[in-house]
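Remarks on the overall topology
So you can see what is in the structure, the chains are spelled out below.
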Amino acid sequence: MSEVAVSPSAKAEKLDAADELAALCSEFVLDDVVYLDGNSLGALPVGVPGRVDDVVRHQWGELRIRSWEESGWWTAPERVGDRIAPLVGAAPGQIVVGDSTSVNVFKALVGAVRLAGGGGGGGGGGRDEILVDATTFPTDGYIAGSAARLTGCELRPVAPAEVPGAVGPRTAAVLLNHVDYRTGRLHDLPSLTSAIHAAGALSVWDLCHSAGALPVGLDEHGVDLAVGCTYKYLNGGPGSPAYLYVRSDLQERFDSPLPGWNSHADPFGMSPSYAPAPGALRGRVGTPDILSMLALEAALEVWEGVSIDSVRRKSLALTDFFLECVSAYVPEGRVESLTPAAHAERGSQVALRCADAGSVMKRLIERGVVGDFRHPDVLRFGFTPLYVGFGDVERAARVLGETLG
Ligand SMILES: Cc1ncc(COP(=O)(O)O)c(C=O)c1O
């Protein structure tokens, strides 16, 4: 056990006392468990059950079909998209909510190849290649493979850092993760996006592990298309709908591979031929999942008045403190951090490589410290700045140290 000047528990107390976001934890349903799995499923915001009850009993139970208009059900995908927009640095009118992340990866990637005029059957230009993050969350890789087959492109897996050297005149689109789901590594979105643009290709970013945890700056950095889930740091609930961002100047040419009646310019005209609606709602497909969508809308209310910069400051302080406590409590050599030490390369989670990680995580959970296990040997701890405190961090590292001791 290494020496630290102040004991970790005393330091935790000081950090908690100075935490400008500390009061926000009362906005969530929590117990005495240390919950470090918000990078998988965010905790329940206290306002959600009442809202869902109203949506079910009043909007559905009493107003029934009138709610499509009177309760704003029909416009919910764009309205909720506009609530997410400031959290990812997007002006209104560019995000639509609905479907899963996987489905939105498909829309975005095929849409990007079409925007690039690429693909075997596309508008020429010789762009017949899609680059995909070689370390990606599996669903993105599977879908990129299918998108490549459908568009007549070749799929080339490339490590994100290698993208500037790999992207070229053949590349139509590049699909990258902002934060790696396994290691917690944050990729350099501004410089990778500009390298992709310099080669004339389009960028598609998966924001699942960054939205709600750190600033993304979609508009500022000129990202073309992006997708993300809402059940992690946005706390929308299990299976809450994902979102699709299409930069405003690309929307008019965005040709969705899933044109449904909800994205038709005149959805109730019931025309046999398709004419896309203007704007972000071109990314819609079919009838939105209203119960999940409105649970998410209620969950997003906790962000009122919260700046994403203060969230990032706290996130880095939490992960720094966790790493410090791990080196104080965990016997030397038992774990190895896969998460970069440099702030510029770190998301909001810490991944520790550990022998027998699956059973170690089981024992942690039995002792009230909930993280998760990723095959084959990774303990993953997610730090949601809205409800995780420094005392939680100290306790998690202490219990980990005792478990491995
Ligand atoms: C980076 C990333 N992309 C996509 C997904 C999953 O997408 P879906 O919402 O379709 O299940 C996850 C789920 O954890 C993820 O971490």
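Residues numbered from 1 in each chain as written. Predicted model: local features only at pLDDT ≥ 70, side-chain atom pairs only at ≥ 80, totals over all residues. Heavy atoms only, no water.

Going by an unreviewed UniProt entry, the protein chain carries the name Kynureninase and comes from Streptomyces dengpaensis. Recorded in UniProt for the protein chain, the comment headed Function (unreviewed entry) runs: "Catalyzes the cleavage of L-kynurenine (L-Kyn) and L-3-hydroxykynurenine (L-3OHKyn) into anthranilic acid (AA) and 3-hydroxyanthranilic acid (3-OHAA), respectively." Per UniProt, the comment on the protein chain under Subunit (unreviewed entry) is "Homodimer." (UniProt positions renumbered as here; feature names shortened; annotations may be inferred.)

Moving on: the UniProt feature "modified residue: N6-(pyridoxal phosphate)lysine" (unreviewed entry) in the protein chain. Feature annotation in UniProt assigns "modified residue: N6-(pyridoxal phosphate)lysine" (unreviewed entry) to the following positions: Lys232. Structurally, lysine 232 is set in the loop between β7 (225–228) and β8 (243–246). With near-sequence residues (within four places) excluded, lysine 232 lies in contact with Gly38, Asn39, Ser40, Gly42, Cys208 and His209. (Helix = DSSP H or I, 4+ residues; strand = E, 2+ residues; numbered from the N terminus. Contact = heavy atoms within 4.5 Å.)

This paragraph deals with the domain arrangement of the protein chain. By a frequent convention, interface size equals the accessible area lost on bringing the separate parts together. Assigned domains of the protein chain: these are domain 1 (8–30 + 307–404) and domain 2 (50–303). Taken over C-alpha atoms, the centre of domain 1 sits 30 Å from the centre of domain 2. On the side of domain 2, 18 residues touch domain 1, which itself brings 29 residues to the contact. Roughly 1900 Å² of surface becomes buried between domain 1 and domain 2 when both sides are summed, with 59% attributable to carbon and sulfur atoms. One can count one salt bridge joining domain 1 with domain 2. The closest approach of N and O atoms between arginine 185 and glutamate 345, which form a salt bridge, is 3.1 Å. Our count for the domain 1 to domain 2 interface comes out at eight residue pairs in polar contact (both at pLDDT 80 or more). Counting residues per element, the ones that place at least two in the side of domain 1 that touches domain 2 are α10 (308–329), β10 (349–354) and β13 (378–382). The residue makeup of the side of domain 1 that touches domain 2, split by class, is 13 nonpolar, eight polar and eight charged. (Domains from an automatic or database assignment. Buried area = accessible area lost by both parts, 1.4 Å probe. Salt bridge = Lys/Arg side-chain N within 4 Å of Asp/Glu carboxyl O. Polar contact = N/O pair within 3.5 Å; in protein donor to acceptor, adjacent residues only side chain to side chain. Nonpolar A, V, L, I, M, F, W, Y, C, P; charged D, E, K, R; others polar.)

In this structure, Val88, Trp303, Phe322, Phe381 and Leu400 are the most contacted members of the largest nonpolar core, which totals 79 residues. Three or more residues apiece are contributed to this core by two domains, here domain 1 (8–30 + 307–404) and domain 2 (50–303). Listed in part, the 29 residues of the second largest apolar core include Phe106, Leu109, Leu115 and Ala173. (Core = buried A, V, L, I, M, F, W, Y, C linked by side-chain atoms within 4.5 Å. Buried < 20%, exposed > 50% of the residue type's maximum accessible area, 1.4 Å probe, protein only.)

Looking at the secondary structure, you find methionine 270 in the loop between β8 and α9 (290–299). According to the relative accessible area criterion, methionine 270 is exposed, its value standing at 58%. Sequence spacing of methionine 270 and glycine 72 is 198 residues, and the spatial spacing of their C-alpha atoms is 21 Å.

It is worth spelling out the sheet that holds strand β9 (residues 335–337) at this point. Read from one edge of the open sheet, four strands run β9-β10-β13-β12, paired in antiparallel fashion. Two strands close off the open sheet at either side, each with one partner strand: β9 and β12 (372–374). With strand direction ignored, the average angle separating the axes of adjacent strands in the sheet is 35 degrees. Across three bridges, β12 lies against β13 in antiparallel orientation. What sits directly across from phenylalanine 373, in β13, is leucine 379. (Pairing = 2+ DSSP bridges. Axes fitted to C-alpha atoms, helices over the stretch in contact; angles between N-to-C directions.)

Strand order in this open sheet of seven strands is β2-β8-β7-β6-β5-β3-β4, and the pairing throughout is mixed. This sheet does not close on itself; its edge strands, each paired only once, are β2 (95–97) and β4 (154–158). Between one strand and the next, the sheet's axes are offset by a mean angle of 15 degrees, whatever the strand orientation. Strands β3 (129–133), β5 (171–177), β6 (202–206), β7 and β8 of the sheet are contacted by helix α5 (residues 101–115), whose axis makes an angle of about 175 degrees with β7. Sitting on the sheet, helix α8 (residues 189–198) is in contact with β5 and β6, with an inclination near 150 degrees to β6.

On to the site of the ligand. The full set of residues close to the ligand is Ser100, Thr101, Ser102, Phe137, Thr139, Asp140, Asn177, Asp206, Cys208, His209, Tyr231 and Lys232. One nitrogen or oxygen atom from the side chain of serine 102 is found 2.5 Å from an oxygen atom belonging to the ligand. Tyrosine 231 is positioned such that a nitrogen or oxygen atom in its side chain is 2.8 Å from an oxygen atom of the ligand. Of all the secondary structure elements, the ones that give two or more residues to the shell around the ligand are α5 and α6 (138–151). Here the shell around the ligand is composed, by residue class, of three nonpolar, six polar and three charged. (Near = heavy atom within 4 Å.)

The interhelical angle for the contact between helix α2 (residues 47–60) and α9, taken along N-to-C directions, is 140 degrees, at an axis separation of 9 Å. As far as their axial angle goes, α9 and α2 are oblique. When you trace α2 past α9, the crossing you get is right-handed. Contact with α2, carried on its side by Gly47, Val48, Arg51, Val52, Val55, Val56 and Gln59, involves Ile290, Leu291, Leu294, Ala295, Ala298 and Ala299 of α9 and no other residues of that element. Residue composition of the contact of α2 with α9, by class: ten nonpolar, two polar and one charged. (Parallel < 35°, antiparallel > 145°, perpendicular 65-115°, else oblique. Left-handed = near helix turned anticlockwise from the far one by under 90°.)

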